[in-house]
Structures are given as C-alpha cells and as structure tokens.
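Summary of structural features
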Amino acid sequence: DLLKLRDTVMQKLETADSIVLTHGSDTMATTAFFLQLTIPKEKMAGKKIIFAGSMKPANFKKPDGPTNLSNAFRLAKRANGQGTMAVMNASGEVFSPPYFEKKHTDAVAAFKVVNGKPAAHITRIPLLNKHIVSIKKEPAAPARTFDVGDAQNLPYVPVIQSQASVDPATIIEDIRTKISKGARAIVFAGTGNGTIHKDIEAAIPDIIAETGVPIIRATKVGDGEVTRNDTFNDDLHGAICAGKLVPDMAAILAQVAIAEALHQRGEINNDALRTVFDSYQTPKKAEAHAV
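Not measured: the values here are computed from a predicted model. (Residues numbered from 1 in each chain as written. Predicted model: local features only at pLDDT ≥ 70, side-chain atom pairs only at ≥ 80, totals over all residues. Heavy atoms only, no water.)

**Regarding the overall build of the protein chain**
So the rule is basically this: Where helices and strands are cited, they refer to DSSP runs of H or I of at least four residues and of E of at least two residues respectively, numbered from the N terminus. The globule rule used for comparison is 2.2 Å times the number of residues to the exponent 0.38, while the radius of gyration itself is calculated over C-alpha atoms. In this scheme, a residue with accessible area under 20% of its type's maximum is buried, one over 50% is exposed, and one in between is partly exposed, where area comes from a 1.4 Å probe on protein chains only. Contacts between residues were defined by any pair of non-hydrogen atoms, one from each residue, lying within 4.5 Å. Per-residue and other accessible areas were derived by the Shrake-Rupley procedure at a 1.4 Å probe size, with only the shown protein chains allowed to occlude residues. Positive charges are assigned to Lys and Arg, negative charges to Asp and Glu, while His and the chain termini are left out of the count. Each charge is placed at NZ for Lys, CZ for Arg, CG for Asp and CD for Glu.
The helix and strand tally for the protein chain stands at nine helices and twelve strands. Relative to the globule expectation of 19 Å for 291 residues, the C-alpha radius of gyration of the protein chain, 20 Å, shows essentially globular dimensions. Expressed along its principal axes, the backbone C-alpha trace of the protein chain runs to roughly 65 × 55 × 40 Å. Across the 291 residues that make up the protein chain, the buried fraction comes to 46%. Contacts spanning at least 24 positions in sequence make up 70% of the contacts within the protein chain whose residues lie at least 6 apart. As presented, the protein chain carries roughly 14,700 Å² of accessible surface, and 50% of it is formed by carbon and sulfur atoms. Distance between charge centroids for the protein chain: 11 Å, based on 35 positive and 31 negative side chains.

**Focus: the packing of aromatic side chains**
Heads up, the condition is: For Phe, Tyr and Trp, rings pair up if their centres lie within 6.5 Å, where Trp contributes its six-membered ring, and each pair is then called stacked (planes under 30 degrees apart), edge-to-face (over 60) or tilted (otherwise).
Under the defined criterion, the tally for this structure stands at four aromatic pairs. Centre to centre, the rings of F33 and Y280 are 6.0 Å apart; their planes meet at 85 degrees, and the pair counts as edge-to-face. Within this pair, whereas F33 is found in helix α2 (residues 28-38), its partner Y280 is found in the segment after α9 (270-278), the two being separated by 247 residues in sequence. One aromatic cluster is present, formed by F95, F100 and F111 through successive ring pairs.

**Brief notes about the environment of E210**
Condition: Polar contact criterion, stated in full: a pair of N or O atoms within 3.5 Å, where within protein one must be able to donate a hydrogen and the other to accept it, and residues adjacent in sequence count only if both atoms are side-chain atoms.
In this fold, E210 is placed in helix α6 (residues 198-211). Only 2.9 Å separates the side chain of E210 from the side chain of R176, close enough to count as a polar contact.

**Observations concerning helix α8 (residues 247-264)**
The condition is simple: A helix is expected to span 1.5 Å for every residue after the first.
Over its 18 residues, α8 runs 26 Å from end to end, which matches the ideal 26 Å to within 8%, given 1.5 Å per residue. Where α8 terminates, the next one or two residues include G266, which has phi positive at roughly 80 degrees.

**Description of the side chain of N68**
As for its placement among the helices and strands, N68 is situated in helix α4 (residues 65-77). Accessibility expressed as a relative area gives 0% for N68, which makes it buried. In this structure, N68 is in contact with A52, G53, S54, V87, M88, N89 and A90, ignoring residues within four places of it in sequence.

**A short note on the side chain of E101**
Its place among the elements puts E101 in strand β5 (residues 100-102). With near-sequence residues (within four places) excluded, E101 lies in contact with A29, A110, F111, K112, V114, V246 and M249.

**A look at unusual backbone geometry**
Along the chain, P97 connects to P98 via a cis peptide bond; the corresponding omega equals 5 degrees. Inspection of the secondary structure assignment puts P98 in the loop between β4 (93-95) and β5. The phi dihedral of N89 falls on the positive side, at around 75 degrees, and the residue is not glycine. Examined against the element boundaries, N89 turns out to sit in the loop between β3 (83-88) and β4. At N115, a position not held by glycine, the phi torsion is positive, near 60 degrees. Assignment of secondary structure puts N115 in the loop between β6 (111-113) and β7 (120-125). Judged by relative accessible area, N115 falls into the partly exposed class, the value being 22%.

**Thoughts on the pattern of salt bridges**
Pairing is possible between side chains that carry opposite charge, provided their charged atoms lie close to one another. This is how it is decided: By convention in these notes, a salt bridge is any Lys or Arg side-chain nitrogen within 4 Å of a carboxyl oxygen on Asp or Glu.
One pass over the full model with this rule turns up eleven salt bridges. A salt bridge links D26 to K102; the shortest N-O distance between them is 2.6 Å. A residue pair is termed long-range when its members are at least 10 positions apart, and D26 in the loop between β1 (18-22) and α2 and K102 in strand β5 qualify at 76 residues. The partly exposed category is assigned to K102, whose relative accessible area is 23%.

**Digging into the pairing of strand β11 (residues 215-219)**
As a reminder of what qualifies: Two strands pair under a simple rule: DSSP has to find at least two bridges between them. Note on handedness: a clockwise path from strand one over the helix to strand two, with the strands aimed away from the viewer, defines a right-handed crossover.
β11 sits mainly inside the fold: five of its five residues count as buried. Of the two faces of β11, the one lined by I215, R217 and T219 and the one lined by I216 and A218 are each fully buried. Sheet analysis places strand β10 (residues 186-190) next to β11, joined by five bridges and oriented parallel. Bridge pairing in β11 places V187 opposite I216. Note on the crossover from β10 through α6 to β11: the handedness is right-handed. Strand direction decides the pairing type here: β11 and strand β12 (residues 240-241), joined by two bridges, are parallel. When the bridges of β12 are listed, R217 appears paired with C241.

**A few points about the sheet that holds strand β9 (residues 159-161)**
Strand order across the open sheet formed by four strands is β9-β10-β11-β12, with parallel pairing between neighbours. With one partner strand each, in any of the chains shown, β9 and β12 form the two edges of the open sheet.

This is the structure we're talking about:
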C-alpha cells in the first residue's frame, strides 16, 4: 500500500502545487515518514504533502475531521514552507515526520511531538472570521532520500519489544525465528535508554555474526533519544542505534534503506545502514580537556 501510494503521489506532483491526503490516524505518522524518505527532494521543491485525519466520526456532535481538512487546505495555500506535514488535533497543530506520533486512543488531541518541534500552527480568530497560518520552522527534511526502484514489497523489518516477566531466551528465540522467516533487520525496543537484558545483550553479537542481519536498538519509552554506545556498546557488538526514532519509525527507515541497497547493489551493508541512522542522532560535542 505504501509503495502504491508513493507512485500515485509522485505522479500527482508532476502537476500539483501541493497534495492533501486524508489518512487514518493510527499509521499516519509512519506513512508520512515513508513518503518523506522516498520522494526525491527535487520533486518536493516548493511543494507540500499534507496529511489530514480525524478522531471523531462524522456523525458525532462535534467531529474534528472538517476542521483538520480545512486547516490542511489553508496550509496548502500558504506560499512559504515545503515538505511533508500532518494536520491533526483540531487545534491547528501541524506536525512534521518523523518527530510525531499518535499518543492517545480516542482523544481529539491524540498526536504529540516526539523529539522535535511543531512545523506550524493554524490559529482561528473568531472575531475577524479568519485563520492565521504561522510556519514555526521548515518541516524536518530527511538527510537523504532513498530510491526503492520498482520494489513490489518492502523488506520485512519487525519490531521486538522487551518487557518484564519474559524469559530472555524466549526473546532470543523470537529474534532468530523472525530472521529465519526472512527479516532483513530487527528493531529491538528496549527499556529506558534502549536498555537490553544481559542475556540478550550477550546473544546479539553472535546473532549478527552468524546471520549478517542488523539489530537496531530503540526504546519503547516513546520519547527521548537512545544514545549510541551508552547503556549498550553498539559499535563493539555490531548493533545500530535508532537515536531519536521511535521503533516504528526506525523500522520504516531500515525498510527503505535496505530496499535501496537491494535495488542498487543486491546486498545489505550494515556499516552503510549505520551511517543512515547516524543522521537521526544528536552529534556528540567534543569533550574539553584541561591542558
């Protein structure tokens, strides 16, 4: 579905100034990130792709869909600003992937910023019967985009989550089983700063060495950055750090990066994939040394 949607959007961008997409709220953030990653930057020059959805059905007393859709068109008409954005919450907040997620099951304000800032805000002035569109900053742009070629399906990249009261051996077996079933990478959603149980930590280097399948370390916390080589020595063990990306976003990035590698070279290079994820991490400041 993502690949078909991308093909349609690419075709429409040939003649459209901007595109508004209506989309379900549950996976809107990941679809927006996918399009941001796979549509060439030159195709997006001066244009916007805007997602709009709703939390309340149309037959509710105060549905939020009409407001979100109207705001999407107001944003599309705005001359400045370009990139991929999402209009939700009926409060005029405008989000930019990959730094937002759905954080509530049924509230109108279901979307929250994660590890970033809002792209814009649309304010309603009732007395003047007008709306003001304020671009807070240019929407987040990917460090690079990816050519997935004529792929019919995206590579299989599952997310495995750590949790209390589960035997680590079960999780290790789950990782190996998913690899045997064709997983091209594994996103491991650990606790805290991507913390991994010592038994799983000990198994990861062997799994990577045996299978060549990269393991990407993320966190299930939902906000905050996973720090490379902090609670787990990613470089030593051959793992990859997800940085600011929540598990679902890390999986999407891995899928498109691997799809491009298979399309262009026919194989995956884990070091190249690590470089892709480095662009979603805060660069470390040089330490000051006394002399």
